[in-house]
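Close look at the chain arrangement
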Amino acid sequence: MEDLKTLVERYKAEIMAEQPQNAAEKEAFRIKYLGTKGLVKSIMGEMKNVSPENKKEAGQLLNDLKIFTEQRFASFEDDAGDENDIAEGVDLSLPGSPVPFGTRHPISIVSNRIISIFSRLGFSVAEGPEIEDDFHNFSALNLPENHPARDMQDTFYIHQNPDWLLRTHTSSVQIREMQQGKLPLRIICPGRVYRNETISARAHCFFNQVEGLYIAENVSFADLKQTLYFFVQEMFGNTVKIRFRPSYFPFTEPSAEMDISCLICGGEGCSVCKKTGWVEILGCGMVHPQVLENCGIDSNKYTGFAFGMGIERITMLKYRIKDLRLFSENDVRFLRQFESA
Ligand SMILES: [Zn+2]
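Keep in mind the model is a prediction, meaning the values are calculated, not measured.

**Considerations on the pattern of salt bridges**
Scanning the model with the defined rule gives 13 salt bridges in all. Note that Lys32 and Glu18 form a salt bridge whose closest N and O atoms lie 3.4 Å from each other. With Lys32 in helix α2 (residues 23-34) and Glu18 in the loop between α1 (2-17) and α2, this pair connects stretches of sequence that are 14 residues apart. According to the relative accessible area criterion, Glu18 is partly exposed, its value standing at 23%. When salt bridges that share partners are traced, they join Arg243, Arg245, Asp259 and Glu280 into one network.

Structure (structure tokens):
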């Protein structure tokens, strides 16, 4: 029995010392120790020489050796894998397969650009919730219930609570900022907004806006005009001209829509500008005194201007994109065309 113990220990030491370097050596190990005529099988044959009272102990001893040898063999498996790959012709010194870089979404590119231009004029970014209440989205902006202008901004309401809705513009953020009462106020509010509209090449049920607001003493329409002129030149280049057309918004008075000279034809008239030479890009105006009062601001002391534009529209003009739906389809053939992140 003692002889058997010594023998098993010796074999274990021998097996531990084995270091097969490749598939062939590994196979040699398997044949030598685990094969049908291998060492483990042959030492099992010793069992017949063991006395009956020692059979149990000897059986455990030999079984232990068998498991030890199998585990040792299995441990070569992982290491030897790489060697096999080389044998199959994989050259590990070759450069790896490249992982393609993503690109920034065109809406993000233009949005960041707009923020950077206005931040140079002292505007800071303000954000607010996309799920709004009626007061912040409509009532405070001079759009009381049953006001016909609400029809232009039909949106999605939360069924359980009709006072909650998906905001139709980021003007709701301006209301929240004005309510805090820290004046003067100079903010831009970028963000996603929602309208109940049929999806087409020119309209979508969600899109992105940037709105701006400046409230201080003695702010005039001249400040509005100069601010937007600066923006347009920075965004589209020095040769671009602007014009204002009178318009109507419930929350501004006077109100205007601003056009820029057509980037495609330079004002001569083409299909993009519908032969007019001008393209509309935003709405603006002086903040209505009632809106200031709704937010607790003294309209005799303070005046302000506001403007709002669709980021999709600016992006379409800048990159000459014809279909609004491309922005939300996630087609990489489209997205890949923009600057690398
Ligand atoms: Zn044109």
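The discussion continues.
**Considerations on the nonpolar core**
Membership of the largest hydrophobic core comes to 45 residues, with the highest contact counts inside it found for Ile114, Val232, Phe236, Ile260, Ile281 and Phe307. Those elements that place two or more of their residues in this core are α5 (106-119), β6 (206-216), α8 (221-236), β8 (252-261), β9 (278-287), β10 (303-310), α10 (311-319) and α11 (332-335). Among all residues touching Ile281, those that are not within four sequence positions of it are Val232, Phe236, Met258, Asp259, Ile260, Met309, Arg313, Ile314 and Leu317.

**As for the packing of α5 against α8**
Interhelical geometry of α5 versus α8 gives an angle of 135° and a closest axis separation of 10 Å. Looking at the two axes, α5 sits oblique to α8. Of the two elements, α5 crosses α8, and the hand of that crossing is right-handed. Between α5, through Val110, Arg113, Ile114, Ile117 and Phe118, and α8, the contact on the second element is made entirely by Thr227, Phe230, Phe231, Glu234 and Met235. Taken together, the residues of the contact of α5 with α8 sort by class into seven nonpolar, one polar and two charged.

**Looking at the coordination of the zinc ion**
Coordination of the zinc ion by the protein comes from Cys262 (SG), Cys265 (SG), Cys270 (SG) and Cys273 (SG), over a distance range of 2.2 to 2.3 Å. Coordination geometry of the zinc ion: the four donor atoms subtend angles of 106 to 114° at the metal centre, consistent with an arrangement described as tetrahedral.

**Side note on the side chain of Glu211**
Summarising the element assignment, Glu211 is placed in strand β6. Arg195 provides the closest opposite charge to the buried, salt-bridge-free Glu211, at an N-O distance of 6.3 Å. Engagement of the side chain of Glu211 in a polar contact is seen with the side chain of Ser171, the distance being 2.6 Å. A distance of 3.2 Å separates a polar atom in the side chain of Glu211 from a polar atom in the side chain of Gln174. Each residue touching Glu211, except ones within four places of it in the same chain, is listed here: His169, Thr170, Ser171, Gln174, Ile187, Ile188, Cys189, Phe307 and Gly308.

**Remarks on the sheet that holds β9**
With respect to topology, seven strands assemble into an open sheet ordered β1-β5-β6-β10-β9-β8-β7, the strand pairing being mixed. Where the open sheet ends on each side, the last strands, each with one partner, are β1 (124-125) and β7 (242-249).

**Let's talk about α10**
Buried within α10 we find Ile311, Glu312, Ile314, Thr315, Met316 and Leu317. On its buried face, α10 sits against α5, β6, α8, β8, β9 and β10. Trailing α10 by a residue or two, Arg320 shows a phi angle of about 55°, which is positive.

**A few points about the pairing of β6**
Of all eleven residues making up β6, ten are buried, and the element is well covered by its neighbours. For strand β5 (residues 185-194) and β6, the ladder comprises ten bridges, and the chain directions are antiparallel. When the bridges of β6 are listed, Arg192 appears paired with Asn208. Bridging between β6 and β10 involves eight bridges; their strand directions are antiparallel. When the sheet's bridge partners are listed, Ile215 is paired in β10 with Gly304.

**Here we look at the sheet that holds strand β4 (residues 161-166)**
Read from one edge of the open sheet, three strands run β2-β4-β3, paired in antiparallel fashion. Pairing within the sheet leaves two strands with one partner each, and these edge strands are β2 (131-133) and β3 (157-158). Alignment of β2 against β4, held across three bridges, turns out to be antiparallel. Residue pairing for β4: Ile131 is matched across the bridge by Leu166.

**Details of the packing of aromatic side chains**
Enumeration over the complete set of coordinates arrives at 15 aromatic pairs. Summarising the aromatic geometry, the rings of Phe249 and Phe251 are spaced 5.9 Å apart at their centres and angled 10° between planes, so their arrangement reads as stacked. Accessibility assignment for this pair places Phe249 and Phe251 in one class, buried. The ring of Tyr11 is capped by Arg10, whose NZ or CZ atom sits 5.7 Å from the centre of that ring.

What counts as what
Residues numbered from 1 in each chain as written. Predicted model: local features only at pLDDT ≥ 70, side-chain atom pairs only at ≥ 80, totals over all residues. Heavy atoms only, no water. Salt bridge = Lys/Arg side-chain N within 4 Å of Asp/Glu carboxyl O. Helix = DSSP H or I, 4+ residues; strand = E, 2+ residues; numbered from the N terminus. Buried < 20%, exposed > 50% of the residue type's maximum accessible area, 1.4 Å probe, protein only. Core = buried A, V, L, I, M, F, W, Y, C linked by side-chain atoms within 4.5 Å. Contact = heavy atoms within 4.5 Å. Axes fitted to C-alpha atoms, helices over the stretch in contact; angles between N-to-C directions. Parallel < 35°, antiparallel > 145°, perpendicular 65-115°, else oblique. Left-handed = near helix turned anticlockwise from the far one by under 90°. Nonpolar A, V, L, I, M, F, W, Y, C, P; charged D, E, K, R; others polar. Donors = N, O, S within 2.8 Å, 3.2 Å for Na, K, Ca; no water. Tetrahedral: all angles 85-135°; square planar, octahedral: opposite > 155°, others 65-115°. Lys, Arg positive; Asp, Glu negative; His and termini not counted. Polar contact = N/O pair within 3.5 Å; in protein donor to acceptor, adjacent residues only side chain to side chain. Pairing = 2+ DSSP bridges. Phe/Tyr/Trp six-rings, centres within 6.5 Å; stacked < 30°, edge-to-face > 60°. Lys NZ or Arg CZ within 6 Å of the ring centre and 35° of its normal.

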